[in-house]
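# Observations on the three-dimensional arrangement
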Amino acid sequence: MSLIDSFARAAARRPEKIALITERSQLSFDDILQLVQIFDMQLRTHGLDAGKTVVLASARAEFILVMTLVASLRGYRLSFVSTGLDQNGPLTPDLVLVEEVQPGHDTARQLQISPDWFALMGTRPSPDYTGRGGGALFIFGSSGSTGKRKLVQSTEASREETIRLTRSLPGVDMSQRRYLSTLSPKNGMAVTSNLAVLLAGGSIVSLQPQSPSLLPYIDLYRVDTIGSTPGMVAKLLGEENAAQYLQGVRDMRFGGALTSAALLRSLSEICPARLHFGYGAAEIGTCFDMIYDPANPPPEGYVGRPARSDLEVAFFDDAGQILPDATEGLIGLRLTGGSGRSYLEAGQATSGPSAGFNDGYFLPGDYMRRDGEDYFLLGRAKNIINFSGNKYALEAIQSKLAEQAPDTGFAPLVDIGADGLERLCLIYSGPQELPKPQVEAFFDQAFPGVQITRLLRLDSLPMTESGKIDMQALRAAHLG
């Protein structure tokens, strides 16, 4: 069964039901199928045959959903990462779908999504897409195990299998739900969760990441189910009248990073929803999950139980050697059916802990412990910061900052707050004070999602005998 087939069957049950709500539009299931027909016609008129590579250079949720279904229909290789306009990257597309033509690049490979396309809606009967499609490949971005940007490729069968086997909201009839994901519409987790709701016959609300506040939309669109991240939980808790807006929410699910016991407890005190939390990776999907019980809260570090029956878990030592009988160590995750995902870049799928994959297992760089069916996060091997799934290597942050201010020495340290979220304490030594708003503006562009809790200037940074900045000494002195 393909994604386009499953969607067409859901649409046939209630074609006029609202499927997608955005800030710009509301589209029914039948509207989506009409747009699939229009986009498919435009791409084939442009010479795009089965198996070709398309980059979607847009973050609009309706385009993302439609192109996912078109890719399923025609077996395209679809990238949600806006790259490929230049020929020297890891991905060379046959076509780049854009909202505005980008001058200075190969315009022959760009196809603009024109307003004229939408004038064709309703001018012809929608084709029957049941029994059709399959074989698409999807490319998403990932920060991998090292906090360095990678491209992850997955098959359509893998996405369909994830939807079928992952119990994202156990016992919930999603056909009666209106679901809002706070993640970017281009995020792999958001695409998969949105599809899962639609294939079940439910409705989704998908907003641009820059939406100033989600709470009014939750009330306006009668959202009853939310998919989010720990960082967004902290943001919601800090907003005025949050409890009032959240009264109608029945289920909330969090991923991208560990949701701390403190955050879950605080949210449960103002929101009546069942709180689902878990752990996963772009390279595998959701791996562990659990429902929060306020009467019996989990210990700190608890990530849940396996979320799908085909998940294999193993433990490794620091050298990447598997520990057959261990119940603790570097966690390794793979799917028994072999339908996991792989890195697109050459050389990234090789074995070894530094590459992320080892003998088919993905090593996210986290130390874990197993106790029966329960798994606990103990710490991280990699020198990275992870704020709600936004992972960046501290070395990369240090290097980028040095490019901006070559006469200044920088020491970025991960600062874990009482809410369990990782933020950055940036210590530096240089000829002048750095204004915090200027530094934060730089991080918004270079490292989106990273928050700075403290900016500290020292006369000099402590050094090790080998001539490197002594991060351990700085941590002990300023973070305890």
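None of these values were measured; they are calculated from a predicted model. Once a new chain begins, its residue numbering starts again from 1 and follows that chain's sequence as written. Predicted model: local features are reported for residues with pLDDT of at least 70 only, side-chain atom pairs are reported and counted for 80 or more only, and whole-chain, interface and lining totals are derived from all residues. Excluded from the side-chain calculation are hydrogens and water; included are all heavy atoms of the structure.

Here the focus is the pairing of strand β15 (residues 302-306). At least two DSSP bridges between two strands are required for those strands to pair. Under the scheme used here, helices are H or I runs from DSSP no shorter than 4 residues and strands are E runs no shorter than 2 residues, and both carry numbers assigned from the N terminus. Looking at chain direction, strand β14 (residues 285-291) and β15 are connected through two bridges and run antiparallel. Bridge pairing in β15 places Phe 288 opposite Pro 306. Alignment of β15 against strand β22 (residues 374-380), held across two bridges, turns out to be antiparallel. Looking at the pairing, Gly 304 lines up with Tyr 375 of β22.

A few words on the pattern of salt bridges. Each reported salt bridge corresponds to a side-chain nitrogen of Lys or Arg within 4 Å of a carboxyl oxygen of Asp or Glu. Tallying each qualifying case throughout the model produces 18 salt bridges. Put simply, Arg 9 and Asp 5 hold a salt bridge, and the shortest N to O gap is 2.9 Å. With a gap of four residues between them, Arg 9 and Asp 5 both fall in helix α1 (residues 3-13), about one helical turn apart. Close ionic contact of Glu 239 with Lys 235 constitutes a salt bridge, the shortest N to O distance being 2.7 Å. Each of the salt bridges in this network shares a partner with another, and the network as a whole consists of Asp 40, Arg 44 and Arg 74.

Glancing now at the packing of aromatic side chains. Here the aromatic set is Phe, Tyr and Trp, taking the six-membered ring for Trp, and pairing holds for ring centres within 6.5 Å; pairs whose planes are under 30 degrees apart are stacked, those over 60 apart are edge-to-face, and all others are tilted. By the definition in use, this model includes 18 aromatic pairs. Ring geometry for Phe 442 against Phe 443: centres 5.8 Å apart, planes inclined by 90°, an arrangement best described as edge-to-face. Relative accessibility decides the category of a residue: with a 1.4 Å probe and only protein chains considered, values under 20% of the type maximum give buried, values over 50% give exposed, and everything between is partly exposed. A relative accessible area of 18% means that Phe 442 is categorised as buried. According to the relative accessible area criterion, Phe 443 is buried, its value standing at 1%. Taken together, the ring pairs connect Phe 39, Phe 63, Trp 117 and Phe 118 into an aromatic cluster. Look at NZ for Lys and CZ for Arg. If either is within 6 Å of the ring centre and within 35 degrees of the ring normal, a charge sits over the ring. Positioned above the aromatic ring of Tyr 343, the side-chain terminus of Lys 150 is 5.5 Å from the ring centre. Over the ring of Phe 376 we find Arg 369; its NZ or CZ atom is 4.5 Å from the centre of that ring.

What follows deals with the sheet that holds strand β25 (residues 409-416). Pairing in this open sheet of three strands is mixed, and the strands run β25-β26-β27 from one edge to the other. Every other strand in the sheet has two partners, leaving β25 and β27 (452-457) as the edge strands with one partner each. Across the sheet, the axes of successive neighbouring strands diverge by a mean angle of 20°, strand direction being ignored. Here eight bridges tie β25 to strand β26 (residues 422-429), and the two strands are oriented antiparallel to one another. In the sheet register, Ala 411 faces β26, and the bridge partner there is Ile 427. In this analysis, two residues are considered to be in contact whenever any of their non-hydrogen atoms come within 4.5 Å of each other. Here an angle of 0 to 180 degrees is reported between the N-to-C directions of two axes, which are lines fitted to C-alpha atoms, with helices fitted over the stretch in contact. Against the sheet, helix α13 (residues 471-478) touches β25, β26 and β27, its axis set at about 55° to β25.

Next up on the list: the nonpolar core. Within the largest apolar cluster, 52 residues are counted, with the highest numbers of intra-cluster contacts made by Phe 7, Ile 32, Val 36, Phe 39, Leu 43, Met 67 and Leu 97. The element that contributes the greatest number of residues to this core is helix α3 (residues 61-74), accounting for 10 residues. Here Leu 97 is in contact with Phe 39, Leu 43, Val 55, Leu 56, Ala 57, Met 67, Leu 111, Ile 113 and Trp 117, once residues within four sequence places are set aside. Nine residue types can take part in a nonpolar core, namely buried Ala, Val, Leu, Ile, Met, Phe, Trp, Tyr and Cys, and a core is a set of them joined through side-chain atoms within 4.5 Å.

As a further point, take the confidence of the model for the protein chain. Confidence scores per residue from the predictor, reported as pLDDT, run from 0 to 100. Of the residues in the protein chain, 93% reach a pLDDT of 70 or more, and the chain-wide mean stands at 87. The model gives residues 346-355 a pLDDT under 50, and that stretch makes 20 contacts with residues more than four places away or in other chains.

Turning our attention to unusual backbone geometry. Not every positive phi belongs to a glycine, and Arg 222 is a case in point at roughly 55°. Take Arg 222: its relative accessible area is 70%, and that puts it in the exposed class. Despite not being glycine, Asp 359 has its phi angle at roughly 55°, a positive value. Mapped onto the secondary structure, Asp 359 falls in the loop between β19 (357-358) and β20 (361-362).

Right, let's get into the packing of α3 against helix α6 (residues 188-199). Put simply, α3 and α6 touch, their axes get as near as 11 Å, and they point 75° apart. The angle between the axes of α3 and α6 places the two elements in the roughly perpendicular class. Of the residues in α6, those touching α3 at Ile 64, Leu 65 and Thr 68 are Val 191, Leu 195 and Leu 198. Residue polarity follows a fixed list, in which Ala, Val, Leu, Ile, Met, Phe, Trp, Tyr, Cys and Pro are nonpolar, Asp, Glu, Lys and Arg are charged, and the others, Gly among them, are polar. Its residues placed into classes, the contact of α3 with α6 shows five nonpolar, one polar and no charged. Should an angle fall under 35 degrees it is called roughly parallel, over 145 degrees roughly antiparallel, and 65 to 115 degrees roughly perpendicular, with every other angle called oblique.

The next subject is the pairing of strand β23 (residues 384-387). By the alternation rule, side chains of β23 split into Ile 384 and Asn 386 and Ile 385 and Phe 387, which are all buried. Sheet topology note: the β23/strand β24 (residues 390-393) ladder contains four bridges and is antiparallel. The partner of Ile 385 across the bridge, within β24, is Tyr 392. Here β23 hands over to β24 after two residues, with Ser 388 in that stretch at a positive phi of 55°.

Pairing is mixed across the open sheet formed by seven strands, whose spatial order is β6-β5-β3-β4-β7-β8-β18. Unpaired on one side and paired on the other, β6 (110-112) and β18 (342-343) mark the two borders of the sheet. Sitting on the sheet, helix α5 (residues 156-165) touches β7 (137-142) and β8 (150-155), and the angle it makes with β8 is about 80°.

Our next topic: the environment of Leu 35. With respect to the helices, strands and loops of the structure, Leu 35 is situated in helix α2 (residues 29-45). Measuring from C-alpha to C-alpha, the distance between Leu 35 and Trp 117 comes to 8.4 Å, with 82 residues separating the pair along the chain. In this structure, Leu 35 is in contact with Leu 27, Val 66, Phe 118 and Met 121, ignoring residues within four places of it in sequence.

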